[in-house]
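Per-entry structural report
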Amino acid sequence: MSQEDKKPGAPSATHKAQSVLAIDDTQDIHDLLRLRLRAEGIELFHAHSAADGIAQAKQLVPDLILLDIDMPKMNGFDVCRELKTEGTTAAIPVIFLSAASDVDDKVAGFDLGAVDFITKPFNTAELRARVRAALRTKRFQDMLAQRAQIDGLTGLWNRGYFNQRLQDEVAAARRYGREVTLVLVDLDHFKKINDGHGHPFGDRVLMATGEVLASSVRATDAACRYGGEEFGLILTETPATGALTCAQRIREQVEALGLMSKGKPVPVTASIGYASTGNFPKEQLTVQTLLDAADGALYAAKQGGRNRICEGEPPARSASITPE
């Protein structure tokens, strides 16, 4: 499973088992770690060389690395140095493992960014406690990082997350031929709603729309607040036909919200534009061209009378779907 696949459609408080990668050239150490950490509820992965450890770290991006110092060809310090200079692995905490308790080794390890140092042979209670402490700190750091990417009003991913995720997905689409569809959702006449019923009611509309979007996507998708009353959905492994089905469901659910202000119903509708990477020649596919196509489709939906869905494609042609 890739890292992209692990990202949820909307931020979630659920926890998966944390992962630990052990890099050591001695099979006995791997057997011992497997036995001693079996009760910790973690996923333990094993690499038997420095090169294999670096490759697995980049692929798995584990929550913690247990790294032997004394390995042939490339020692643990060199492995750590390489991991800390690689963007995808730089933030992974590293605990060094060593049969020696030399102070200079410990200082060198901490200077490279290690979070702890465990001396072989392991004391079982100490090993478990140090691993638990490192994983607990990593979980807190992940929670803080996630919160920084969450929109405070709707609970969806924010614009910063949207920008990075869309960049990642477009890159994957270009490299691997995956089909990703970008959907932009804009609430119609939202300024009139704010002006006529007040900003607290407008916030209620945004929150209710956020709930509709969060419930309309899969765990592998991303529902984001793009800005103001506009939202962005990144639908992975989804062709234009699948995106249309999702967009139609969203349009209908927003129209059926049935929100009340001062005892009277307030109609809420949304215009939607979408564009799929599957309709782009590879040489024309960029984040900007996909955004432009979806935004152009959204504009066409607004100009066409609102409360409707339009598809954007290169070249500039769109098919409009009006509500029945």
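Everything numeric in this text was worked out from a predicted model, so none of it was measured. (Residues numbered from 1 in each chain as written. Predicted model: local features only at pLDDT ≥ 70, side-chain atom pairs only at ≥ 80, totals over all residues. Heavy atoms only, no water.)

1. Thoughts on the overall build of the protein
- Within the protein one finds eleven helices and 13 strands.
- Reported as C-alpha extents along the three principal axes, the dimensions of the protein are approximately 75 × 50 × 30 Å.
- The proportion of buried residues among the 324 residues of the protein is 45%.
- Long-range contacts, defined here as pairs at least 24 residues apart, represent 68% of the contacts in the protein between residues at least 6 apart.
- Summed over its atoms, the accessible surface of the protein is roughly 15,800 Å², and 52% of this surface lies on carbon and sulfur atoms.
- With 38 positive and 43 negative side-chain charges, the protein shows a separation of 5 Å between the mean positions of the two kinds. (Helix = DSSP H or I, 4+ residues; strand = E, 2+ residues; numbered from the N terminus. Buried < 20%, exposed > 50% of the residue type's maximum accessible area, 1.4 Å probe, protein only. Contact = heavy atoms within 4.5 Å. Areas by Shrake-Rupley, 256 points an atom, 1.4 Å probe, with all protein chains shown as cover. Lys, Arg positive; Asp, Glu negative; His and termini not counted. Charge placed at Lys NZ, Arg CZ, Asp CG, Glu CD.)

2. Focus on the environment of Thr289
- Along the polypeptide, Thr289 turns up in helix H11 (residues 287–303).
- On the basis of relative accessibility, which here comes to 28%, the residue Thr289 falls in the partly exposed class.
- In this structure, the C-alpha to C-alpha distance between Thr289 and Glu313, residues 24 residues apart in sequence, is 9.5 Å.
- The residues touching Thr289, leaving out its near neighbours within four places in the chain, are Phe280 and Gln284.
- A polar atom in the side chain of Thr289 sits 2.9 Å from the backbone oxygen of Gln284.
- A distance of 2.8 Å separates a polar side-chain atom of Thr289 from the backbone nitrogen of Thr286. (Polar contact = N/O pair within 3.5 Å; in protein donor to acceptor, adjacent residues only side chain to side chain.)

3. Here's the deal with the side chain of Glu313
- Relative to the helices and strands, Glu313 resides in strand S12 (residues 309–313).
- Excluding anything up to four places from it in sequence, Glu313 contacts Asn279 and Ala293.

4. What to know about the packing of helix H8 (residues 190–197) against helix H9 (residues 199–216)
- Between H8 and H9, whose axes approach to 7 Å, the crossing angle comes to 140°. Classified by the interaxial angle, the pair formed by H8 and H9 is oblique. Residue-level inspection shows Phe190, Ile193, Asn194 and His197 of H8 in contact with H9, the latter providing His199, Phe201, Gly202, Val205 and Leu206.
- For the contact of H8 with H9, a count of residues per class yields five nonpolar, four polar and no charged. (Axes fitted to C-alpha atoms, helices over the stretch in contact; angles between N-to-C directions. Parallel < 35°, antiparallel > 145°, perpendicular 65-115°, else oblique. Nonpolar A, V, L, I, M, F, W, Y, C, P; charged D, E, K, R; others polar.)

5. Thoughts on the pattern of salt bridges
- Per the stated rule, a full pass over the model turns up 19 salt bridges.
- A salt bridge links Lys58 to Glu86; the nearest nitrogen and oxygen atoms lie 4.0 Å apart. In this pair, Lys58 is assigned in helix H3 (residues 50–60) and Glu86 in the loop between helix H4 (76–84) and strand S4 (94–98), connecting sequence segments 28 residues apart.
- What makes Glu86 partly exposed here is its relative accessible area of 30%.
- Across the salt bridge formed by Lys120 and Asp68, the nearest N and O atoms sit 3.0 Å from each other. Remark: Asp68 occurs in strand S3 (residues 64–68) and Lys120 occurs in the loop between strand S5 (116–119) and helix H6 (124–147); sequence separation between them is 52 residues. Both residues of the pair, Lys120 and Asp68, belong to the buried class.
- Each member of the salt-bridge network shares a partner with another, and the members are Asp24, Asp68 and Lys120. (Salt bridge = Lys/Arg side-chain N within 4 Å of Asp/Glu carboxyl O.)

6. As for H3
- Those residues of H3 lying buried are Ala50, Gly53, Ile54, Gln56, Ala57 and Leu60. Relative to the axis of H3, the buried residues are bounded by an arc of 170° and lie together on one face. Facing away from the buried side of H3 by more than 90 degrees, the exposed set consists of Ala51 and Gln59.
- Immediately downstream of H3, the backbone of Val61 shows phi near 45°, a positive value. (Arc of directions from axis to C-beta.)

7. Description of the packing of aromatic side chains
- This model, assessed by the stated rule, comprises three aromatic pairs.
- Here Phe77 and Phe96 contribute two aromatic rings whose centre-to-centre distance is 5.3 Å and whose plane-to-plane angle is 70°, an arrangement assigned as edge-to-face. Note that Phe77 is positioned in helix H4 and Phe96 in strand S4, a separation of 19 residues in sequence.
- Of the residues examined, Phe96 reaches a relative accessible area of 0% and is grouped as buried.
- Summarising the aromatic geometry, the rings of Phe162 and Tyr226 are spaced 4.9 Å apart at their centres and angled 70° between planes, so their arrangement reads as edge-to-face. Highlighted residues: Phe162 in helix H7 (residues 159–176) and Tyr226 in strand S7 (residues 222–227), separated in sequence by 64 residues. (Phe/Tyr/Trp six-rings, centres within 6.5 Å; stacked < 30°, edge-to-face > 60°.)

8. Topic: the packing of H7 against H11
- Contact geometry for H7 and H11: axes closest at 10 Å, N-to-C directions at 110°. As judged from the angle between their axes, H7 and H11 are roughly perpendicular. The handedness of the crossing between H7 and H11 is right-handed. Contact residues: Phe162, Leu166, Gln167 and Val170 in H7; Val287, Leu290 and Leu291 in H11. (Left-handed = near helix turned anticlockwise from the far one by under 90°.)

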